[in-house]
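Summary of the model geometry
Here's the letter readout for the chains.
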Amino acid sequence: MPAINVVFTLLVALAALLPAHAATAELALPGYQRSDGAITTYLGGDSIDPYFAAKALLAAQDAGMITGTAARNWIAWQLPRQHVDGRFDRYCLKGQHFAACQAADADDALMAAWMELLVRTAPAKGMPPAWQASFDTAARYLDTLRDGRTGVYHISRTLPVALLMDNVEVSSAFKAASRYRQSLGDSRGAAAWARQAEQLDQAILRVFWRNGVFLVSTQPRERSEFYPDAVAQIFPILADIQAPGRPHDSAYRAWMTTYRFAWLQMSEVDFPWGLVALVADKMGDADAITCWRVRSNQFRHGHHWNVLEEALFLAFEARLAPAQALAPPAPSLRCR
């Protein structure tokens with residue numbers, strides 16, 4: 001029997017012993033997370049973007065992985081680097097160490113991702129005092145970015161523009177904070193965060209929902225592109241924000257009808273947009289996830305592959321037995 005057949009036979013035998021969905025898999029990010037806890041944006045990279053690190057950990061958890069160890073190590077690295085006002089920088093490798101080299105790209109999204117990561121990683125008894133202080137500082141800074149007139153959040157103090165996707169992430173953080181307070185038995189605190197989330201969701205719809213589509217920014221755009229325009233149309237599903245008369249299932253189906261093939265080809269020319277696969281997961285579309293995983297595999301760790309894509313790829317792959325991970329998609333799948 002040829003060696004390749006022997007290997008495949010062994011993999012199939014092993015598959016029979018493993019669950020189809022390894023929901024208890026622990027996230028590890030070799031090549032991205034260093035021994036000191038830092039998470040680089042690219043494989044073996046020389047730069048760190050705190051937003052992508054936090055978003056990768058949150059997305060992997062949403063996709064069913066255990067992220068506690070990776071998240072705690074990242075938090076330990078990032079915590080002492082928080083500015084007094086709550087902000088973070090991006091970092092570049094200088095010699096053997098990373099040093100601040102650039103301001104964060106979007107303060108509102110970063111504050112939200114950091115806050116959500118803290119509450120979702122917190123021990124059952126509650127956040128350690130240093131975590132709680134960091135959360136509170138980030139929340140205070142985020143509050144300074146709220147536009148009192150519209151109720152949505154600006155990118156930063158120096159860029160008073162509101163983005164749909166950033167505000168969806170802020171809403172997600174508020175909802176996570178509400179669940180966290182409820183888990184501690186703090187009904188009043190949970191209600192306060194839930195109220196903030198509800199008010200923001202209403203503001204998001206007032207500001208960004210226009211004529212049956214979501215605007216992506218409060219600034220006019222000259223042309224529509226896959227990112228951010230197409231991605232933004234289903235991004236609110238991740239935070240359970242539903243436009244009037246637009247149920248998530250029908251919105252998702254319509255999006256896939258229009259953009260499915262364009263999305264699956266993105267990995268050839270742009271980032272693979274694993275966040276769309278995360279929406280597919282939320283909507284129970286296993287076929288779309290399979291197509292994304294199989295088509296994206298050849299582009300792993302390339303120029304258009306970052307830690308967020310890697311975390312989602314690992315999370316989806318962890319659900320499969322080895323033979324399933326190696327098998328090509330069924331011919332009936334529309335992956336091309």
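Our subject in this report is the structure included herewith.

Reading the values: the criteria
- Residues numbered from 1 in each chain as written.
- Predicted model: local features only at pLDDT ≥ 70, side-chain atom pairs only at ≥ 80, totals over all residues.
- Heavy atoms only, no water.
- Pairing = 2+ DSSP bridges.
- Helix = DSSP H or I, 4+ residues; strand = E, 2+ residues; numbered from the N terminus.
- Disulfide = S-S within 2.5 Å.
- Buried < 20%, exposed > 50% of the residue type's maximum accessible area, 1.4 Å probe, protein only.
- Phe/Tyr/Trp six-rings, centres within 6.5 Å; stacked < 30°, edge-to-face > 60°.
- Lys NZ or Arg CZ within 6 Å of the ring centre and 35° of its normal.

With that settled, the discussion passes to the pairing of strand β2 (residues 89-94). Pairing of strand β1 (residues 47-48) with β2, which is carried by 2 bridges, proceeds in the antiparallel orientation. What sits directly across from I48, in β2, is Y91. By the bridge criterion, 6 bridges tie β2 to strand β3 (residues 97-103) in an arrangement that is antiparallel. Note on β3: the bridge partner recorded for C92 is A99.

Turning to the state of the cysteines, a few remarks are in order. Disulfides are covalent bonds that link the sulfur atoms of two cysteine residues. One pass over the full model with this rule turns up 1 disulfide. The disulfide partner of C92 is C101, and the gap between their sulfur atoms is 2.0 Å. Sign of the S-S torsion, about 65 degrees for the bond between C92 and C101, identifies this disulfide as right-handed. We classify C92 as partly exposed; its relative accessible area is 27%. Assessed through its relative accessible area of 34%, C101 is described here as partly exposed.

Right, let's talk about the sheet that holds β1 for a bit. If you trace the 3 strands from one edge of the open sheet to the other, you get β1-β2-β3, paired in antiparallel fashion. Each edge of the open sheet carries a strand with a single partner, namely β1 and β3.

Counted by the stated rule, this structure contains 16 aromatic pairs. Cluster of aromatic residues (ring-pair linked, three or more members): F135, Y153, F174 and W193. One residue, R81, lies across the ring of W77, its end atom 3.8 Å from the ring centre.

Functional significance is not addressed by these values, which are geometric in nature.
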